[in-house]
Amino acid sequence: MTEPSDPPEVPDLSVGLSREDAVALRESFDAVEQDRISRTVADLLDLLGKTHTMAVLSAFAFAEGSLRFSDIEAELDIAPNTLSTRLRELTDAGLLDRRAYDEVPPRVEYTPTEKAESLFPVFAHLHHWAIEHDL
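Here the structure is a predicted model, which is why all the values come from computation and not from measurement.

Overview of the overall build of the protein chain
Okay, step 1: Scanning the protein chain from terminus to terminus reveals seven helices and three strands.
Okay, step 2: Helices and strands in the protein chain line up, N terminus first, as α-α-α-β-α-α-β-β-α-α.
Okay, step 3: Split into buried and exposed, the 135 residues of the protein chain put 22% on the buried side.
Okay, step 4: Summarising the internal contacts of the protein chain: among those between residues at least 6 apart in sequence, 43% fall at separations of at least 24.
Okay, step 5: A total accessible area of about 10,000 Å² is found for the protein chain, and carbon and sulfur atoms account for 54% of it.

Below, the structure written as structure tokens:
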């Protein structure tokens, strides 16, 4: 009986990958893992593609610590029902932690998880790209 091989070493995102390196990394995984990764990327892009999701995550990427619902709403000018939905989706995806305080008026704070924080360099890359390019 053969033991499963160790997964390939995944390079740090800040290093950057050439197209060839990215293809080689992808092909280093077995077919089942390639499928899982592809589905995860598709699910992530579906979530990030929803209206205001990128803006909400970007607010956390550049914030110091937790944000209250009212702070996000004021900063991003998002309808409360849409913001509630996005925050719930991000919480359900494990990207935000929600903490409700037993106060009057109610206070709810959201904090990015480690999973979300690992996405934050993407925002730096996007902003760097925007410095050099226009759409």
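Focus: the packing of helix 3 (residues 53-61) against helix 4 (residues 69-76)
Okay, step 1: Axis separation between helix 3 and helix 4 bottoms out at 11 Å; the angle between their running directions is 115°. With respect to their mutual orientation, helix 3 and helix 4 come out roughly perpendicular. Crossing handedness for the pair helix 3 and helix 4: right-handed. Between helix 3 and helix 4, the contacting residues are Ala55, Val56, Ala59 and Phe60 on the first element and Ile72, Glu75 and Leu76 on the second.
Okay, step 2: Split by residue class, the contact of helix 3 with helix 4 holds six nonpolar, no polar and one charged.

Let's talk about unusual backbone geometry
Okay, step 1: Cis geometry marks the peptide bond from valine 104 to proline 105, where omega comes out at -5°.
Okay, step 2: As for its position among the elements, proline 105 is in the loop between strand 2 (96-101) and strand 3 (107-112).
Okay, step 3: If you check the backbone angles, histidine 52 has positive phi at about 75° while not being a glycine.
Okay, step 4: Turning to its location among the elements, histidine 52 is positioned in the loop between helix 2 (31-48) and helix 3.
Okay, step 5: Overall, histidine 52 belongs to the partly exposed group, its relative accessible area being 32%.

Comments concerning the packing of helix 3 against helix 7 (residues 120-132)
Okay, step 1: As a packed pair, helix 3 and helix 7 sit with axes 9 Å apart at the nearest point and diverge in direction by 100°. Put simply, helix 3 runs roughly perpendicular to helix 7. Together, Met54, Leu57, Ser58, Phe60 and Ala61 of helix 3 and Phe120, Phe123, Leu126 and His127 of helix 7 make up the contact between the two elements.
Okay, step 2: For the contact of helix 3 with helix 7, the class distribution of residues is seven nonpolar, two polar and no charged.

Regarding the nonpolar core
Okay, step 1: By size, the foremost hydrophobic cluster in this structure holds 20 residues, and its most contacted members are Val56, Phe60, Leu87, Leu90 and Leu95.
Okay, step 2: Every element with two or more residues in this core is listed here: helix 2, helix 3, helix 5 (80-92), strand 3 and helix 7.
Okay, step 3: Counting residues per element, this core draws most heavily on helix 3, at four residues.
Okay, step 4: Ignoring sequence-local partners within four residues, the contact set of leucine 95 consists of Leu47, Leu57, Leu90, Thr111, Pro112, Thr113, Lys115, Ala116 and Leu119.

Digging into the pairing of strand 2
Okay, step 1: Across six bridges, the pairing between strand 2 and strand 3 is antiparallel. Counterpart to arginine 98 in the pairing with strand 3 is tyrosine 110.
Okay, step 2: In sequence, strand 2 turns back onto strand 3 through a hairpin of five residues.

Some thoughts on the environment of arginine 88
Okay, step 1: Following the sequence through the fold, arginine 88 ends up in helix 5.
Okay, step 2: We classify arginine 88 as partly exposed; its relative accessible area is 48%.
Okay, step 3: It is 8.7 Å that separates the C-alpha atoms of arginine 88 and arginine 98, two residues lying 10 residues apart in sequence.

What counts, and at which threshold
- Residues numbered from 1 in each chain as written.
- Predicted model: local features only at pLDDT ≥ 70, side-chain atom pairs only at ≥ 80, totals over all residues.
- Heavy atoms only, no water.
- Helix = DSSP H or I, 4+ residues; strand = E, 2+ residues; numbered from the N terminus.
- Buried < 20%, exposed > 50% of the residue type's maximum accessible area, 1.4 Å probe, protein only.
- Contact = heavy atoms within 4.5 Å.
- Areas by Shrake-Rupley, 256 points an atom, 1.4 Å probe, with all protein chains shown as cover.
- Axes fitted to C-alpha atoms, helices over the stretch in contact; angles between N-to-C directions.
- Parallel < 35°, antiparallel > 145°, perpendicular 65-115°, else oblique.
- Left-handed = near helix turned anticlockwise from the far one by under 90°.
- Nonpolar A, V, L, I, M, F, W, Y, C, P; charged D, E, K, R; others polar.
- Core = buried A, V, L, I, M, F, W, Y, C linked by side-chain atoms within 4.5 Å.
- Pairing = 2+ DSSP bridges.

Remember, this is a structural readout, not a statement about activity or role.
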